[in-house]
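# Examining the three-dimensional arrangement
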Amino acid sequence: TKFGFRPDFVLGHSLGEYAALVAAGVLSFSEALEVVSARGREMANLAVVDNGCMAAVSAPLDEVEEILESVEGYVVIANVNSPMQSVIGGTTEAVDAAIKKFQERGMQAARIPVSHAFHTKIVAPASEPLRRVIQRMSIHAPQIPIIANVTGDLYPSSTEEIIDILAAQVASPVQMVKSMQTLYDLEVRVYLEVGPKRVLNALAADNLKGKTDVTILATNHPRKGTISSF
């Protein structure tokens with residue numbers, strides 16, 4: 001809004017959802033920083049035998065789900081990013097076993113550097129302490145409609161429901177595919193990524209593949225540079 005633009009809807013991915021919550025007026029910037037700090041602190045204090053791990057996978061979602069079902073131990077799709085890209089998370093042994101199975105089928109799969117298996121039940125013990133921090137904040141109904149990672153649908157206006165969603169977010173899968181479909185069904189046709197690089201541009205392009213009526217833009221394209229791309 002500082003430069004005269006006001007989005008019709010906002011969406012953030014994982015930790016980026018807090019930036020979207022600020023843009024939507026649900027949290028102030030300082031409150032969002034406090035919650036994000038608490039989120040990191042709870043992760044650091046999480047006492048589990050295995051922090052778990054995560055891996056990026058390039059393969060059709062139905063095939064990813066099929067392979068995960070054949071793996072012994074706990075491993076799930078933690079980021080349902082696009083029809084062809086996802087992030088799995090779970091116990092270290094199960095994720096490594098899944099990576100091996102993907103590679104045996106000629107699919108790209110590789111660990112990503114994270115401290116814990118975010119968006120899985122491994123980090124669920126952090127949800128309740130995080131809820132207590134969020135409850136201290138001044139939560140407002142969205143002034144701009146915002147899509148929730150947890151549901152892939154619009155955030156409700158009820159404060160209690162917003163708190164429930166935010167508390168669950170850290171241990172729930174990021175429903176990016178459903179989120180993008182929700183935005184398209186709401187007649188969104190211009191998608192603008194605010195932030196460094198263009199990772200979300202790639203995910204948006206994958207989710208909206210075949211649709212000729214959409215425009216996807218980056219405000220900080222790494223090859224064009226910040227000023228020219230903005």
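Figured I'd write up the structure that's included with this text. (Residues numbered from 1 in each chain as written. Predicted model: local features only at pLDDT ≥ 70, side-chain atom pairs only at ≥ 80, totals over all residues. Heavy atoms only, no water.)

## Examining a nonpolar patch on the surface
Worth spelling out the cut-off: Grouping into patches uses exposed residues only, defined as over 30% relative accessible area, and leaves out salt-bridged ones; the cut-off is 9 Å for like charges and 5 Å for nonpolar side chains (Val, Leu, Ile, Met, Phe, Trp, Tyr). Per-residue and other accessible areas follow the Shrake-Rupley method at a 1.4 Å probe size, with only the shown protein chains counted as cover for residues. Every case where a carboxyl oxygen of Asp or Glu lies within 4 Å of a side-chain nitrogen of Lys or Arg is listed as a salt bridge. Secondary structure elements are defined from DSSP: runs of H or I of at least 4 residues count as helices, runs of E of at least 2 residues count as strands, and each element is numbered from the N terminus. Accessibility here uses a 1.4 Å probe with only protein chains present; expressed as a share of the type maximum, an area under 20% marks a residue as buried, one over 50% as exposed, and anything in between as partly exposed.
On the surface, V190, L192, V194 and L217 cluster together into a nonpolar patch covering about 400 Å² of accessible area. With respect to the element layout, V190 can be found in strand β5 (residues 190–193). The exposed category is assigned to V190, whose relative accessible area is 54%.

## Topic: the pairing of strand β2 (residues 75–82)
It is a general feature of regular strands that their side chains alternate between the two faces of the sheet. Threshold: By definition, two strands form a pair when at least two bridges between them are found by DSSP.
Most of β2 is tucked away: seven of the eight residues are buried. Two strands pair when backbone bridges link them, and β2 and strand β3 (residues 85–90) are joined in this way by five bridges, in the antiparallel orientation. Residue pairing across strands places V75 opposite G90, the latter belonging to β3. In this antiparallel pair of consecutive strands, β2 and β3, the connection spans two residues.

## Brief notes about the nonpolar core
Rules: To form a nonpolar core, buried Ala, Val, Leu, Ile, Met, Phe, Trp, Tyr and Cys residues must be joined to one another through side-chain atoms within 4.5 Å. Any two residues having at least one pair of non-hydrogen atoms within 4.5 Å are treated as being in contact.
Membership of the largest hydrophobic core comes to 36 residues, with the highest contact counts inside it found for Y18, L21, I134, I139 and Y155. Elements that contribute at least two residues to this core include exactly α1 (17–23), α2 (29–45), α5 (127–135) and α6 (159–169). Residues contacting I139, with those up to four places away along its chain left out, are V26, L27, I134, T159, I162 and I163. If you look at the next biggest cluster of nonpolar residues, it comprises 20 residues, including C53, I88, A94 and A98.

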